[in-house]
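Spelled out, the chains give:
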Amino acid sequence: MNEFERSRSSLVSRDQSVIWHPYTQMKTALPPIPIVKGSGVYLEDELGNRYIDAVSSWWVNIHGHSHPYIAARVAEQLHTLEHVIFAGFTHPGAVALAERLIGILPSGQQKIFYSDNGSTAVEVALKMCFQFWANQGEQRTRVIALKNSYHGDTFGAMAVSARSAFTGPFDRLLFGVDHIDAPNGENLAAIRKQVTALKGKAAALIFEPLVQGAGGMLMHDPGHLDELVAICKENDILVIADEVMTGFGRTGKLFAMEHLVNRADIMCLSKGLTGGTMALGVTSCTDRIYRAFLSDDKLKTLFHGHSFTANPVACASALASLDILQEEETRSNIKLVVEKHGSFKEKINGHPKLKEVRHTGTILALEWETGGDTSYFNSLRDELYNFFLGEGIILRPLGNIIYVMPPYCINEKELDYIYTKIEEALARF
Ligand SMILES: *Cc1c(COP(=O)(O)O)cnc(C)c1O
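Small disclaimer: the values here were computed from a predicted structure and weren't measured. (Residues numbered from 1 in each chain as written. Predicted model: local features only at pLDDT ≥ 70, side-chain atom pairs only at ≥ 80, totals over all residues. Heavy atoms only, no water.)

Engineer: Now, about the nonpolar core: what can you tell me, with residues and values included?
Structural biologist: Ranked by size, the top nonpolar core spans 92 residues in total, and within it Leu-101, Tyr-114, Phe-207 and Met-217 carry the most contacts. Here this core gathers at least three residues from each of two domains, domain 1 (33–66 + 328–428) and domain 2 (69–325). In this structure, Leu-174, Ile-240, Phe-293 and Leu-302 belong to the second largest nonpolar core, which totals 30 residues. (Core = buried A, V, L, I, M, F, W, Y, C linked by side-chain atoms within 4.5 Å. Buried < 20%, exposed > 50% of the residue type's maximum accessible area, 1.4 Å probe, protein only. Domains from an automatic or database assignment.)

Right, dumping it as structure tokens:
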């Protein structure tokens, strides 16, 4: 669907008269593409054009669109119980999902707190940490985060994210965060010094294990991250692993923290949790965190909750997604994506147009050489985006970085088609 066709779509013109889209400059953005159907890795627009969803619809879709098994489980749930207040009440799906998650999460995660999305999962994690100390009479007001971090768009999540063009209008309203360099094996002494200086002041470290997503698909060595986690533990600083993007197979293992030896006190999950079907967030924690809130003093309660906490339909889709994720076929599909990404990386590594090729699990990232100008607003971004759309592939670059993060059900032929188009783009831009 080209710009002319889009301008004639009545769905698009109705959209434009009433809708304000996320991360979109509404004055200059091209009209949105009206998607009416999804099946497997494909999305279909109003005119019947099909696009490979190579970014898993903002990283959430892990099993393909309109998955019949998830759809059936969701429909069944809708006819049984669509929602119930989650304070003072519970339901089978929430309990089963919590049991199931605790069974597969890295050791030590023993309690599940539900919310609605990745940002709220992070908000809950931060509030747990601040109040963990407050409940024990300690006022800790700082948090340690990594440079280039991204943890969401609500205020707490924004505060622990890197300062950028996106946070600019709000920077002065955000609480104090120490953004440190990601550990790289050479800066450990400096990091140890910075972290030790925050002993008793920092409530927590929050980080994205292995891959910093929105910050540009930056990838870090698990051994170095392990050392950072160890330093925080030595200084009695809590550790939050934000696995909103990396969870549920993205890095080749079920959770990115499985690549590390040390364990987090708190983990944040969302995106792939429901297979990309429903909005759901999870903050899991250790028994140590949970116990700090048990008290006869009501003021030590974690006062946090959302209207749709643990929505039964969302829990049903998460349980269905986990069923598929744990099938042998899915594991071998993930393996295929990991291997194919690996060989394509070898093939194009060192290409003169590329500054770097990065690969972790099912995520492949290519950073274009731009001669210094690496801003998100670089025009190369729009050219690449439109080129791939024209070829029937949805790849949404982060500035000069394009990445392939497909649903696991993508097949060899579809992956090869994407790689071929990337090579064409390399020849052209
Ligand atoms: C996307 C993302 C979030 C925010 O999740 P939303 O559901 O978009 O609010 C938080 N942390 C990480 C690492 C993410 O990639």
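Engineer: How would you sum up the UniProt feature "modified residue: N6-(pyridoxal phosphate)lysine" (unreviewed entry) in the chain? Please name residues and give values.
Structural biologist: Cross-referencing UniProt, the feature "modified residue: N6-(pyridoxal phosphate)lysine" (unreviewed entry) maps to Lys-271 in the present numbering. With respect to the secondary-structure elements, Lys-271 resides in the loop between β11 (266–269) and β12 (281–285). Lys-271 gets classed as partly exposed once you look at its relative accessible area, which sits at 22%. (UniProt positions renumbered as here; feature names shortened; annotations may be inferred. Helix = DSSP H or I, 4+ residues; strand = E, 2+ residues; numbered from the N terminus.)

Engineer: Hey, could you go over the packing of helix α13 (residues 379–390) against helix α14 (residues 412–428) for me, with residue numbers and the actual values?
Structural biologist: For the pair α13 and α14, the least separation of the axes is 11 Å and the interaxial angle reads 140°. Between α13 and α14, the angle falls in the class oblique. Like other packed secondary-structure pairs, α13 and α14 cross with a definite hand, here right-handed. Of α14, the residues touching α13 (which contributes Leu-384, Phe-387 and Phe-388) are Lys-421, Ile-422, Glu-424, Ala-425 and Arg-428. Here the residues of the contact of α13 with α14 sort into five nonpolar, no polar and three charged. (Axes fitted to C-alpha atoms, helices over the stretch in contact; angles between N-to-C directions. Parallel < 35°, antiparallel > 145°, perpendicular 65-115°, else oblique. Left-handed = near helix turned anticlockwise from the far one by under 90°. Contact = heavy atoms within 4.5 Å. Nonpolar A, V, L, I, M, F, W, Y, C, P; charged D, E, K, R; others polar.)

Engineer: Give a detailed account of the side chain of Arg-250, specifying residues and quantitative values.
Structural biologist: Along the chain, the position of Arg-250 falls in the loop between β10 (238–242) and β11. From its side chain, Arg-250 meets the backbone oxygen of Pro-406 in a polar contact 2.9 Å long. (Polar contact = N/O pair within 3.5 Å; in protein donor to acceptor, adjacent residues only side chain to side chain.)

Engineer: Summarise the domain arrangement of the chain; cite the residues concerned and give the values.
Structural biologist: Assigned domains within the chain: domain 1 (33–66 + 328–428) and domain 2 (69–325). One C-alpha centre belongs to domain 1, the other to domain 2, and the line joining them spans 27 Å. With 27 residues of domain 1 at the interface, the matching set in domain 2 holds 25 residues. Summed over both partners, the interface of domain 1 with domain 2 comes to about 2100 Å²; 67% of that surface belongs to carbon and sulfur atoms. It is Trp-59, His-63 and Thr-360 in domain 1 that bury the most area against domain 2; as a group they hold 28% of the surface buried on that side. Counting the contacts that link domain 1 with domain 2 gives 11 residue pairs in polar contact (both at pLDDT 80 or more). Elements with a minimum of two residues in the side of domain 1 that touches domain 2: α3 (56–59), α12 (328–348), β13 (354–360), β14 (363–368) and β16 (401–404). Residues belonging to the side of domain 1 that touches domain 2 are distributed by class as follows: 17 nonpolar, eight polar and two charged. (Buried area = accessible area lost by both parts, 1.4 Å probe.)

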